[in-house]
Amino acid sequence: SSGYFLVRILVMPLAGRLVDRKGVRWAVLACGPAYVLFFAALALSTADRLWPVILAWALVGVPEAVYAIAVTAALYATVPETPARPVYFAATSLINTGSFGVGALAAVALLHALEPVRIAIGPLVIQQFQCLYGLCALLMVPAMLGGLAFAARRSRLPQLRPAAPA
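Here the structure is a predicted model, which means the values were calculated and not measured.

Some points on the environment of Leu55
Part 1 of the argument: Here Leu55 lies in helix H3 (residues 51–59).
Part 2 of the argument: Once the C-alpha coordinates of Leu55 and Ala41 are considered, the two residues, 14 residues apart in sequence, prove to be 8.1 Å apart.

This is how it looks when you write it as structure tokens:
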């Protein structure tokens, strides 16, 4: 996981410039296929075949950085400039944290339900964890289209750095 965070930290400055240039909608839509591939790689891993897990976690740091910048830019661009503005950010943080908690509980319940599953496709044996990650990959396909909800324009945020001369 330290490789994931290192990649994410290194990519953040470039991700910010990319989101400023291309816009939030493009960034969210571009990250979707990477998440599908991430979960598919986890679904293809086994105790004897860990390279898909290592590769998936090493590569997902890039779209994670872009996505984190994009959704933060979208939030800052949409929250009204009122004295209650910090409440919006606090509520968003609570919703995000709560979603992770609910998702974890749902995953545990789903893993218990999938415990008896064992599907053999040639040398590949699919069990409960592979099923869970395969389902996550499938669910990411329609979820990645959520980027269409964002306007097709660039961020309205002020640039933090002066633009380079053309």
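Let's talk about the packing of aromatic side chains
For any pair of aromatic rings, the description consists of the separation of the ring centres together with the inter-plane angle of the planes.
Part 1 of the argument: On inspection of all chains with the given rule, the structure shows 7 aromatic pairs.
Part 2 of the argument: Each ring, one from Tyr35 and one from Tyr67, has its centre 5.9 Å from the other, and the planes form 90°; the classification is edge-to-face. Of the two residues, Tyr35 is situated in helix H2 (residues 24–43) and Tyr67 in helix H4 (residues 61–78); the sequence distance between them amounts to 32 residues.
Part 3 of the argument: Taken together through their ring pairs, the aromatic side chains of Tyr4, Phe5, Phe38, Phe39, Trp57 and Tyr133 make up a single cluster.
Part 4 of the argument: Taking the ring centre of Trp26 as reference, the NZ or CZ of Lys22 above it sits at 5.5 Å.

About the cut-offs
- Residues numbered from 1 in each chain as written.
- Predicted model: local features only at pLDDT ≥ 70, side-chain atom pairs only at ≥ 80, totals over all residues.
- Heavy atoms only, no water.
- Helix = DSSP H or I, 4+ residues; strand = E, 2+ residues; numbered from the N terminus.
- Phe/Tyr/Trp six-rings, centres within 6.5 Å; stacked < 30°, edge-to-face > 60°.
- Lys NZ or Arg CZ within 6 Å of the ring centre and 35° of its normal.

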